[in-house]
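Coordinates in review
So the chains spell out like this:
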Amino acid sequence: FWYWLYIFDNKYHLNKKFMKKYLIILSLFFSISNCFCQSEKETIDFLNTKLSLYTQSFPMNSPAYRNIKTGFDENSNKIFIFDLFVDNEFFSSEKFQGKQINAVTLVRNGIGNLCIYLTSNDGLILNKFYGDEKETFKNEIRILLNVKDEEVYRIKKALEHLLKLNGAKLVDDNLFKN
């Protein structure tokens, strides 16, 4: 590239002002074309990997994992389905639209681990336990994790990204920053 630019400059005797504008436009083009943002599928795959490794069941202290998938409700609205498995058996399921979540917060539990709470101010998270025919609405999903804080922050950031991709208007968790 630089060789051809040198030849072009020697042939047509380009001035420095033109070259500066040309290089700025060219560098902007390459920087914009190289932007990368994780897709919804990549984010869900990342979350499923992390949540399968670090989910903790409480108070049972049995092996547990979560599985996140997408689906559609009876009105053809896109929903997220968070399934919880304990001892490799289905335990509960939570369903919601991304735009129904208002906050993703971190809370330290009684044994010192950070937990992630997904909150719906309107109580629009549909919950169903294994064996129950009845589904109930609740206002939060608690994701109990057994991992270092840095990994919890990464999982929280991925959850926020996934929800924002699907219309969530999340509350800023640092309201007092300048």
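Read on for an overview of the structure.

Basis of the calculations
- Residues numbered from 1 in each chain as written.
- Predicted model: local features only at pLDDT ≥ 70, side-chain atom pairs only at ≥ 80, totals over all residues.
- Heavy atoms only, no water.
- Helix = DSSP H or I, 4+ residues; strand = E, 2+ residues; numbered from the N terminus.
- Buried < 20%, exposed > 50% of the residue type's maximum accessible area, 1.4 Å probe, protein only.
- Expected span 1.5 Å × (residues − 1).
- Contact = heavy atoms within 4.5 Å.
- Pairing = 2+ DSSP bridges.
- Axes fitted to C-alpha atoms, helices over the stretch in contact; angles between N-to-C directions.

Where the residue is not glycine, phi is negative for most of them; where a peptide bond is considered, it is trans in most cases. With a phi close to 65°, S76 is a non-glycine residue in the positive phi region. Looking at the element boundaries, S76 is found in the loop between β1 (64-72) and β2 (78-86). S76 gets classed as exposed once you look at its relative accessible area, which sits at 57%. Despite not being glycine, N88 shows a phi value in the positive range, around 60°. Relative to the helices and strands, N88 is located in the loop between β2 and β3 (89-96). Note on N88: relative accessible area 64%, which makes it exposed.

A word on helix α3 (residues 40-54). The terminal C-alpha atoms of α3 lie 21 Å apart, and with 15 residues this matches the ideal 21 Å at 1.5 Å per residue to within 8%. Residues of α3 that are buried in the fold lie against β1, β2, β8 (140-144) and α4 (149-165).

Let us now look at the sheet that holds strand β4 (residues 103-108). With antiparallel pairing, the three strands of this open sheet are ordered in space as β4-β5-β8. Every interior strand has two partners, whereas the edge strands, β4 and β8, have only one. Ignoring strand direction, the axes of neighbouring strands in this sheet form an average angle of 25°. Pairing between β4 and strand β5 (residues 114-119): six bridges, direction antiparallel. Residue T105 lies in a different strand from β5, and its bridge partner there is Y117. Packed on one face of the sheet, α4 meets β4, β5 and β8 and runs near 15° to β5.

An ideal rise of 1.5 Å per residue puts 24 Å on 17 residues; α4 measures up with 24 Å between its terminal C-alpha atoms. Of all the residues in α4, the buried ones are E151, V152, I155, K156, A158, L159, E160, L162 and L163. Positive backbone phi, at 90°, marks G167, one or two positions downstream of α4.

Turning our attention to the sheet that holds β2. An order of β1-β2-β3-β6-β7 is seen for the five strands of this open sheet, with the pairing classed as antiparallel. Two strands close off the open sheet at either side, each with one partner strand: β1 and β7 (136-138). Strand-to-strand twist across the sheet, computed as the mean angle between neighbouring axes with direction ignored, equals 30°. In terms of strand pairing, β1 meets β2 through nine bridges, oriented antiparallel. Bridging across to β2, G71 finds its partner in I79. Along the sheet face, α3 touches β1 and β2 and points at about 160° away from the line of β1.

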